[in-house]
Amino acid sequence: MSALWIDTHAHLDASEFATDEVAAWRAQARERGVARCVIPAVARANWDTVRQLAHRLDDAYALGIHPMCVPAADDADLDALDEALHAHRDDPRLVAVGEIGLDFFLPELTGPEMRERQTRFYRAQLRLARRHGLPVILHVRRSADALLKGLRELPVDGGIGHAFNGSLEQARAFVERGFALGFGGASTFDTARQIRRLASELPLDALVLETDAPDIPPQWLYATAAERAAGRPQGVNHPRELPRIGAVIAGLRGMVADELARATSDNARRVLPRLTALA
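Every chain begins its residue count from 1, and numbering advances along the sequence as written. Two thresholds apply to this predicted model, a pLDDT of at least 70 for residue-level local features and 80 or more for giving and counting side-chain atom pairs, whereas whole-chain, interface and lining totals are computed over all residues. The side-chain numbers reported here are obtained from all heavy atoms of the structure, hydrogens and water having been left aside.

### Focus: the sheet that holds strand 7 (residues 179-183)
When DSSP finds two or more bridges between a pair of strands, those strands are recorded as paired. Going along the chain from the N terminus, every DSSP run of H or I of four or more residues is numbered as a helix, and every run of E of two or more is numbered as a strand. Here we have 8 strands laid out as an open sheet, ordered 1-2-3-4-5-6-7-8, and parallel in their pairing. Since the sheet does not close on itself, it has two edges, and those belong to strand 1 (5-7) and strand 8 (207-209), each with one partner. When the angles between neighbouring strand axes are averaged without regard to direction, this sheet yields 30 degrees. The pairing of strand 2 (residues 34-40) with strand 3 (residues 60-63) spans 3 bridges and is classified as parallel. Within strand 3, the position partnered with Ile 39 by the bridge is Tyr 61. Seen against the sheet, helix 5 (residues 144-153) touches strand 4 (94-103), strand 5 (136-141) and strand 7 and runs at an angle of roughly 150 degrees to strand 5. Here, axes are lines fitted to C-alpha atoms. For helices the fit covers the stretch in contact, and angles between N-to-C directions go from 0 to 180 degrees. Contacts are assigned to residue pairs that have any heavy atoms within 4.5 Å of one another.

So, in structure tokens, the structure goes:
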């Protein structure tokens, strides 16, 4: 039997996945060997949705406030997150606090006031992860050093650096703090030299796989600007693409796909320990 995969980051509550069809789509991924998905929340409004979806689909979930959702959030949401983490503390499908972090890429998030606000929410959620004994799933976009600074001051029980695209030195710093780094569709592009270098050179126990569905489509689903202008729609990423993405990364590392599936699934269970009980 082929090894099974874990998709450590799939937004299955996104509008691209129609509610009445998501179970069938998830079944397609399971038929291709994707045994488990982790569904991260992004804002208070979808906490119940991701929790219910994880139970419905036999998957796992995380609760948090995404940095892109920080402008619309307030301190009451942090209090509500504390309450939700406490209320569901015995739910084995609750595996992390996430998706949290910092985004210093989007122009509307890079001004001094918004940087400070993002940092305050990030640090508050690190404190909640510490309080509730959970790892974190981090959004890392042009923010690796600032995230590491927070982790040095408020260490947590490890977790995942989602869609990692930092330097090799930064990658090692996350790994030293008990993190694995998420690689997905971006690794399938020949032009993504830094990501492909990291995916091929980092120690195997530093990697987990993810799709970020419906975002970050692999090369075979991606439509260029010219193609979109000509009428081709942008491809929607999906957990069923994970084995093919994994095969590309396995090729970069000179290993067979089943070996990568076993290793990255073991890594996911190590950094998100509650996944082990769901195996």
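### A look at the pattern of salt bridges
Here a salt bridge means any side-chain nitrogen of Lys or Arg lying within 4 Å of a carboxyl oxygen belonging to Asp or Glu. One pass over the full model with this rule turns up 16 salt bridges. In this structure, the salt-bridge partner of Arg 51 is Asp 48, at a minimum N-O distance of 3.5 Å. With Arg 51 and Asp 48 both in helix 2 (residues 47-57), this residue pair falls 3 residues apart, about one helical turn. Two residues, Arg 93 and Asp 58, come together in a salt bridge whose shortest N-O distance is 2.9 Å. Of this pair, Arg 93 sits in the loop between helix 3 (75-87) and strand 4 while Asp 58 is found in the loop between helix 2 and strand 3, placing the two residues 35 residues apart along the sequence. Only protein chains enter the area calculation, which uses a 1.4 Å probe; residues under 20% of their type maximum are buried, those over 50% are exposed, and those in between are partly exposed. Note on Arg 93: relative accessible area 16%, which makes it buried. Three or more residues are tied together by salt bridges with common partners; here these are Arg 26, Arg 30 and Asp 59.

### Quick word on unusual backbone geometry
Residue Glu 99 is reached from Gly 98 by a cis peptide bond, and omega for that bond is 5 degrees. You can see Glu 99 is positioned in strand 4. Pro 214 follows Ala 213 through a cis peptide bond whose omega is 5 degrees. Relative to the elements of secondary structure, Pro 214 occurs in the loop between strand 8 and helix 8 (225-229). Phi is positive for Asp 58, which is not a glycine, with a value near 60 degrees.

### Some words on the confidence of the model for the protein chain
Any segment with low pLDDT has predicted coordinates that should not be analysed in fine detail. Averaged over all residues, the pLDDT of the protein chain is 97; the fraction at 70 or higher stands at 100%. Per-residue pLDDT, averaged within each element of the protein chain, yields its smallest value for helix 8 (93) and its largest for strand 3 (99). Note: pLDDT gives the predictor's confidence per residue, expressed from 0 to 100.

### Remarks on the packing of aromatic side chains
Centres within 6.5 Å are what make two rings of Phe, Tyr or Trp a pair, Trp counting through its six-membered ring; a difference in plane orientation under 30 degrees is then read as stacked, over 60 as edge-to-face, and the rest as tilted. Here the structure, examined in full by the defined rule, presents 4 aromatic pairs. Taking 5.7 Å as the distance between ring centres and 70 degrees as the angle between the ring planes, the aromatic pair formed by Phe 17 and Trp 25 counts as edge-to-face. Assigned by exposure class, Phe 17 and Trp 25 land together as buried. Here the aromatic rings of Phe 189 and Tyr 222 are separated by 5.5 Å at their centres, their planes lie at 85 degrees, and the arrangement is edge-to-face. Taken together, the positions of Phe 189 in the loop between strand 7 and helix 7 (193-201) and Tyr 222 in the loop between strand 8 and helix 8 put the pair 33 residues apart, joining distant regions of the chain.

### Overview of helix 2
Of the positions making up helix 2, those classed as buried are Trp 47, Val 50, Arg 51, Leu 53, Ala 54 and Leu 57. For helix 2, the arc enclosing every buried residue in end-on projection is 165 degrees, short of the 170-degree limit, so these residues lie on one face. Just downstream of helix 2, Asp 58 is the residue with a positive phi angle, here 60 degrees. The reported arc concerns the directions from the helix axis to the C-beta atoms and nothing else.

### Focus on the nonpolar core
Joining through side-chain atoms within 4.5 Å is the link that ties buried Ala, Val, Leu, Ile, Met, Phe, Trp, Tyr and Cys residues into a set, and such a set is a nonpolar core. In terms of nonpolar packing, the biggest core is built from 75 residues, with Leu 63 and Phe 174 touching the most fellow members. Sorting elements by how many residues they give to this core places helix 4 (residues 112-132) first, with 6 residues. Every residue in contact with Phe 174, bar those within four places of it in the chain, is listed here: Leu 138, Ala 144, Leu 147, Leu 148, Leu 151, Phe 164, Phe 179 and Leu 181. By size, the runner-up hydrophobic cluster in this structure holds 15 residues, among which are Ala 62, Val 208, Val 271 and Leu 275.

### Describing the packing of helix 3 against helix 4
For any two helices packed against each other, the geometry is given by the interaxial angle and the distance between the axes. The interhelical angle for the contact between helix 3 and helix 4, taken along N-to-C directions, is 20 degrees, at an axis separation of 11 Å. One element, helix 3, and the other, helix 4, form an angle in the roughly parallel class. Where helix 3 crosses over helix 4, the two elements pack in a sense that is right-handed. Only Arg 120, Phe 121, Ala 124, Gln 125, Leu 128, Arg 131 and His 132 of helix 4 make contact with helix 3, whose side of the interface consists of Asp 75, Leu 78, Leu 81, Asp 82, Leu 85 and His 86. Classification convention: Asp, Glu, Lys, Arg as charged; Ala, Val, Leu, Ile, Met, Phe, Trp, Tyr, Cys, Pro as nonpolar; all other residues, Gly among them, as polar. Classifying every residue of the contact of helix 3 with helix 4 by side-chain character gives 6 nonpolar, 3 polar and 4 charged. Just so you know how the angles are binned, under 35 degrees is roughly parallel, over 145 roughly antiparallel, 65 to 115 roughly perpendicular, and the rest oblique. Note on convention: the crossing is left-handed when the near helix lies turned anticlockwise from the far helix by less than a right angle, right-handed when the turn is clockwise.

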